[in-house]
Amino acid sequence: MLRSLDTSHITLLRSFLLSPSSFSCHSSFGLKTITSLSQSKSKSHSFLSLCPTQENALPHFRSSVIRCVSSFPTLHWNHAVSCSQVDAPAHDQDTTKPAIPVRAFFFSTSVDLKSLVEQNKPNFVTPSSRMTNYVVLKFGNLADSKAPGSSFLNGTNGSYMIVFQYGSIVLFNVCEHQVDAYLKIVRKHASGLLPDMRKDEYEVREQSALSTWMQGGLDYIMLQYLDVDGIRTIGSVLGQSIALDYYGRQVDGMVAEFTDINREMEATGKFKMQRKKLFQLVGKANSNLADVILKLGLFERSDIAWKDAKYGQIWEYLRDEFELTQRFASLDFKLKFVEHNIRFLQEILQNRKSDFLEWLIIALIGAEILLSLYDIVQRSAMNL
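Just so you know, these numbers come straight off a predicted model, no measurement behind them. Each chain has its residues counted from 1, following the order in which its sequence is written. Note on the predicted model: pLDDT of at least 70 is required for a residue's local features to be given, and 80 or more for side-chain atom pairs to be given and counted; whole-chain, interface and lining totals, by contrast, use all residues. Where side-chain values are given, they derive from all heavy atoms of the structure, hydrogens and water being excluded.

*Asks:* Help me out: how do you make sense of the overall build of the chain in this one?
*Replies:* The helix and strand inventory of the chain stands at 11 helices and 7 strands. Note on exposure labels: buried denotes an accessible area under 20% of the residue type's maximum, exposed denotes more than 50%, and partly exposed covers the range between, all computed with a 1.4 Å probe on protein chains only. Across the 384 residues of the chain, 40% fall into the buried class. Pairs of residues are marked as contacts when any of their non-hydrogen atoms sit within 4.5 Å. For the chain, the proportion of contacts with a sequence separation of at least 24, taken over those separated by at least 6, is 69%. Here a helix means four or more residues in a row that DSSP labels H or I, a strand means two or more in a row labelled E, and each is numbered from the N terminus.

*Asks:* Quick question: what am I supposed to make of the nonpolar core here?
*Replies:* Within soluble globular proteins, side chains that are nonpolar generally end up buried alongside one another. One finds Ile221, Ile234, Ile314 and Leu345 to be the most contacted residues of the largest nonpolar core, which totals 63 residues. For this core, the element with the highest residue contribution is helix α7 (residues 228-268), accounting for 16 residues. Within the second largest apolar cluster, 19 residues are counted, among which are Phe107, Val117, Val135 and Tyr182. In this text, buried Ala, Val, Leu, Ile, Met, Phe, Trp, Tyr and Cys residues form a nonpolar core when linked through side-chain atoms within 4.5 Å.

*Asks:* In this structure, what is going on with the packing of aromatic side chains? I would like to understand it.
*Replies:* Both the distance between ring centres and the angle between the ring planes are used here to describe each pair of aromatic rings. Side-chain rings of Phe, Tyr and Trp, where Trp is taken by its six-membered ring, are said to pair if the distance between their centres is within 6.5 Å; with planes under 30 degrees apart they count as stacked, over 60 as edge-to-face, and otherwise as tilted. Under the counting rule described, the total for this entry stands at 10 aromatic pairs. On the basis of an interplanar angle of 70° and a centroid distance of 5.1 Å, the ring pair of Trp213 and Tyr225 is categorised as edge-to-face. In this pair, Trp213 sits in the loop between β5 (190-206) and β6 (214-217) while Tyr225 sits in the loop between β7 (220-223) and α7, placing the two residues 12 residues apart along the sequence. We classify Trp213 as buried; its relative accessible area is 10%. Owing to a relative accessible area of 10%, Tyr225 belongs among the buried residues under this scheme. Ring pairs connect the aromatic residues Phe106, Tyr246 and Tyr247, which therefore count as one cluster. Placement of a positive charge over a ring is assigned whenever Lys NZ or Arg CZ falls within 6 Å of the ring centre and within 35 degrees of the normal to the ring plane. For the cation-ring pair, Arg205 lies above Tyr220, with the distance from its terminal atom to the ring centre recorded as 3.8 Å. The lysine or arginine in question, Lys310, covers the ring of Trp213, its NZ or CZ lying 5.4 Å from the ring centre.

*Asks:* Explain the environment of Leu194 to me, please; I cannot follow it from the model alone.
*Replies:* Considering the arrangement of structural elements, one finds Leu194 in strand β5. Classification of Leu194 as buried rests on a relative accessible area of 15%. Distance from Leu194 to Thr109, taken between C-alpha atoms, is 7.6 Å for residues 85 residues apart in sequence. When neighbours within four sequence positions are excluded, Leu194 is seen to be in contact with Phe106, Phe107, Ser108, Thr109 and Tyr246.

*Asks:* What am I meant to see in the sheet that holds strand β2 (residues 134-139) here?
*Replies:* The strands that make up a sheet are held in pairs by hydrogen bonds between backbone atoms, and each pair lies either parallel or antiparallel. Read across the sheet, 7 strands follow the order β2-β3-β4-β1-β5-β7-β6 without closing on themselves; strand pairing throughout is mixed. Two strands close off the open sheet at either side, each with one partner strand: β2 and β6. Neighbour to neighbour, the strand axes of the sheet diverge by 25° on average, direction disregarded. Criterion used throughout: strands pair if DSSP finds at least two bridges between them. Across 4 bridges, the pairing between β6 and β7 is antiparallel. Residue pairing across strands places Gly217 opposite Tyr220, the latter belonging to β7. Comment: axis = line fitted to C-alpha atoms, over the contacting stretch for helices; angle = value between 0 and 180 degrees taken between N-to-C directions. Sitting on the sheet, helix α6 (residues 179-187) is in contact with β1 (100-111), β2, β3 (159-164), β4 (168-172) and β5, with an inclination near 30° to β1.

Below, the structure written as structure tokens:
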């Protein structure tokens, strides 16, 4: 262990730090002095080492001296310093924790949140905002601390599930083989189950030493720490994204159907759609648009994002990452195409009905004329 540093040693260190080029590795005086610095009462420990045969070892030695001297802001030269204090590496650079898997599902068009909460009260997380279209449930041995920098999900110590009223479910830190068990909890309270379930995957990574609050990547987002408000913010965007994907596919189906009708009209010049089928398409288009705007709340900013700029940054980044605005614009354009075709086909059906009524009136007038002629002929025969 290093016991003390005398004035001559300090002078040598200062001169080396200011001008390392003047210090020669081949100088016996320099090597002797450095050796004296590295000696301690227990010769089994060494303080510093320097290779006398490689010139590029000087910068390394210099950085080692700076690190050792600067690591003791209250050090007195006559105080004892342990070898572990000198040689111990810095622990302030935290490594990245295991990635937290995030899985989003959409398998129904409506969920009864009230009954869901009643049957899962021990797992219910009290809301921190006025949003009422979703609930948060937690599972596992999870520390419920809201201190800044606290991590709620640092590997395998717990899971979160966010359930939205419009049918989306977002799972945090749930393994693939456990997904069905969590979905069964919600399926009991869901209505309008879909034949094909939509699924999407994402990742959240924590790194406390991150220079900025958040950093985006390919299919993941890196945060200094993840808490419940962060889970709510991320879950809200992922829930909207997976639901928007479903409604987008529904509209794509309607567009494809109208495309086939138009091609048939182009080839045959005839329109065979029944009025009932057309009205069903009208109702489907209107309900999809209403669900996207009203149920999903696509244009409503999260209350958590309003209150704290950190979560607002996450919200803005994820909306841009999943292109929610662009996808809604595309869906709205397709709905306008469907609406244009519906209006055109309605006019055709209306013209058909008008033509039928006109021909019916003509037939009635003709029948009346024939009856009048028959009556005239019959009366003439009787007069004769």
